[in-house]
Amino acid sequence: MRTHIVWDWNGTLFHDMDAVLGASNAAFETIGISPLTLEQYREMYEIPIPRFYQRLLGRDPSQAEWEALDEAFHRRYAELSPACPLTEGVPGLLSGWREAGRSQSLLSMYEHERLVPVVEGFGLLEHFLRVDGRRGASGGRKAGHLARHLAELGPKVEPRHTVLIGDAADDAQAALEWGLHAVLYTGGSHTRAKLEVVGVPVVDTLAEAVELAAELAA
């Protein structure tokens with residue numbers, strides 16, 4: 001059975017934290033929340049996202065507020081994200097993993113119809129057995145999407161030989177729920193301290209993540 005990586009996109013393969021922060025601050029403005037610095041954002045960010053907004057507001061956002069936040073975030077993110085690059089070393093890491101006879105796929109909570117053209121624009125589609133973005137409402141956890149992703153990949157991908165690499169505690173929690181290994185990367189949405197409490201390996205580069213993935217799921 002081949003070792004397999006399920007990659008996260010935003011904050012992992014795609015270095016988009018500048019766009020995420022700018023879009024988040026645009027969303028906060030709609031309900032009177034002061035802008036955050038990147039350090040403040042990474043310290044406070046949580047999944048599911050409504051819980052993040054609850055921390056900032058001190059209460060649950062109303063349905064109207066949630067809709068305004070979500071719409072403002074995605075509108076501004078669409079404006080800012082085209083300027084964002086891939087994380088350092090990504091093309092070589094993906095091609096090296098593939099050339100070694102291993103497999104990989106991509107699972108993101110970014111809307112599927114918007115995700116695929118971005119991945120294609122970077123010339124990365126050929127590296128993945130499957131690319132899945134979010135289908136349905138935003139703001140939820142990754143575990144359910146991961147279950148569907150694994151079901152679509154089928155028997156050629158076995159959980160105990162699979163590693164999910166992501167930048168959020170929710171990525172690792174989803175992986176562990178379905179019997180996968182996980183490695184968390186510090187270059188995205190969470191501080192190292194928030195990642196380490198999950199109890200899976202935490203690394204500062206994707207090269208380290210790939211090296212660990214080969215060991216964990218061999």
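All of these numbers come straight from a predicted model, not from anything done at the bench.

J.: Would you explain the packing of helix H3 (residues 49-57) against helix H4 (residues 63-80) in this entry?
T.: Helix-helix packing is described using two parameters, namely the angle between the two axes and the distance between the axes. Following both chains from N to C, one finds H3 and H4 inclined at 110°, their axes separated by 12 Å at the closest point. Our classification of the angle between H3 and H4 gives roughly perpendicular. Touching Ile49, Pro50, Tyr53 and Leu57 of H3 are Glu65, Trp66 and Leu69, all from H4. In terms of residue class, the contact of H3 with H4 is built from 6 nonpolar, no polar and 1 charged.

J.: Is there a simple way to think about the sheet that holds strand S5 (residues 181-185) in this case?
T.: Sheet architecture is open: 6 strands sit in the order S3-S2-S1-S4-S5-S6, paired in parallel fashion. Looking at the sheet topology across the chains shown, the edges are occupied by strand S3 (131-134) and strand S6 (202-203). With 4 bridges joining them, strand S1 (residues 4-7) and strand S2 (residues 103-111) adopt parallel strand pairing. Looking at the pairing, Ile5 lines up with Gln104 of S2. Where helix H5 (residues 90-99) meets the sheet, it contacts S1 and S2, and its direction lies at approximately 140° from that of S2.

J.: Explain the pairing of S2 here, please?
T.: Side chains on a regular strand alternate between the two faces of the sheet. Across the 9 residues that make up S2, a large majority, 7, are buried. Bridge analysis of S2 against S3 gives 3 bridges, and the strand direction is parallel. Directly across from Leu106, in S3, lies its bridge partner Val131. Remark: the S2/helix H6 (residues 112-121)/S3 crossover connection has right-handed handedness.

Definitions and cut-offs
- Residues numbered from 1 in each chain as written.
- Predicted model: local features only at pLDDT ≥ 70, side-chain atom pairs only at ≥ 80, totals over all residues.
- Heavy atoms only, no water.
- Axes fitted to C-alpha atoms, helices over the stretch in contact; angles between N-to-C directions.
- Helix = DSSP H or I, 4+ residues; strand = E, 2+ residues; numbered from the N terminus.
- Parallel < 35°, antiparallel > 145°, perpendicular 65-115°, else oblique.
- Contact = heavy atoms within 4.5 Å.
- Nonpolar A, V, L, I, M, F, W, Y, C, P; charged D, E, K, R; others polar.
- Pairing = 2+ DSSP bridges.
- Buried < 20%, exposed > 50% of the residue type's maximum accessible area, 1.4 Å probe, protein only.
- Right-handed = clockwise from strand over helix to strand, strands pointing away.

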